[in-house]
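Take a look at the letters that make up each chain.
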Amino acid sequence: MKHESIDYYPGQLKPEQPGVNGVRFAAKTNHLYYTATAKKLFMRIPVDPSTHDPAGEPELVVAGRMGDDFCIDEDAGVIYLATHRQNTIDRVSMDPAENSGFTQSVAGDPFDEELIGPSSGAWSRAPGEYGKVAFFLSDGGTASPPPDGIVRPAKLLRVEL
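Residues numbered from 1 in each chain as written. Predicted model: local features only at pLDDT ≥ 70, side-chain atom pairs only at ≥ 80, totals over all residues. Heavy atoms only, no water.

Student: How should I be thinking about the packing of aromatic side chains in this particular structure?
Tutor: What characterises a pair of aromatic rings is the spacing of the ring centres plus the angle enclosed by the ring planes. One pass over the full model with this rule turns up four aromatic pairs. Plain terms: the ring middles of Tyr 80 and Trp 123 are 5.8 Å apart, the flat faces sit at 90 degrees to each other, and that makes the pair edge-to-face. With Tyr 80 in strand β6 (residues 78-82) and Trp 123 in strand β9 (residues 118-123), this pair connects stretches of sequence that are 43 residues apart. Exposure remark for Tyr 80: the relative accessible area of 6% places this residue in the buried category. By relative accessible area, Trp 123 is classed as buried at 14%. Ring centres 5.5 Å apart and planes at 55 degrees place the aromatic pair Trp 123 and Tyr 130 in the tilted group. What makes Tyr 130 partly exposed here is its relative accessible area of 37%. Over the ring of Phe 70 we find Arg 24; its NZ or CZ atom is 5.9 Å from the centre of that ring. (Phe/Tyr/Trp six-rings, centres within 6.5 Å; stacked < 30°, edge-to-face > 60°. Helix = DSSP H or I, 4+ residues; strand = E, 2+ residues; numbered from the N terminus. Buried < 20%, exposed > 50% of the residue type's maximum accessible area, 1.4 Å probe, protein only. Lys NZ or Arg CZ within 6 Å of the ring centre and 35° of its normal.)

Take a look at the structure:
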């Protein structure tokens, strides 16, 4: 697949960011979701369930957030997007038409000392916790130091949503 959203974007952010950063597949809707951190894009593309080939063009889910990685709650139709350099976890609809350019931060806004540099999330595997409890990694600010400039230790955070 070739699309401008996945192209490398050199020199804009330090450290350099890849064209595509986080990637997850939503099996119920047959869409592949991905982040383009440096371009502040969160995208999706339909996938043929038989061949796993692209079944259409990439579509903007939401823009303006520096999404890194994320976890998908297909039952609720939402995605929890770790915004790494913006120090938030945002709730985004899986349906682009429902986002209207608005992103709801569920953690980190206002700034929270405990959530500096969230980069990746995964659902708890404990019974009954899917869609309710996730674990997010944080880098403590190595890519984007907090306002005081002091990098904290990286953490594994248990987040109840």
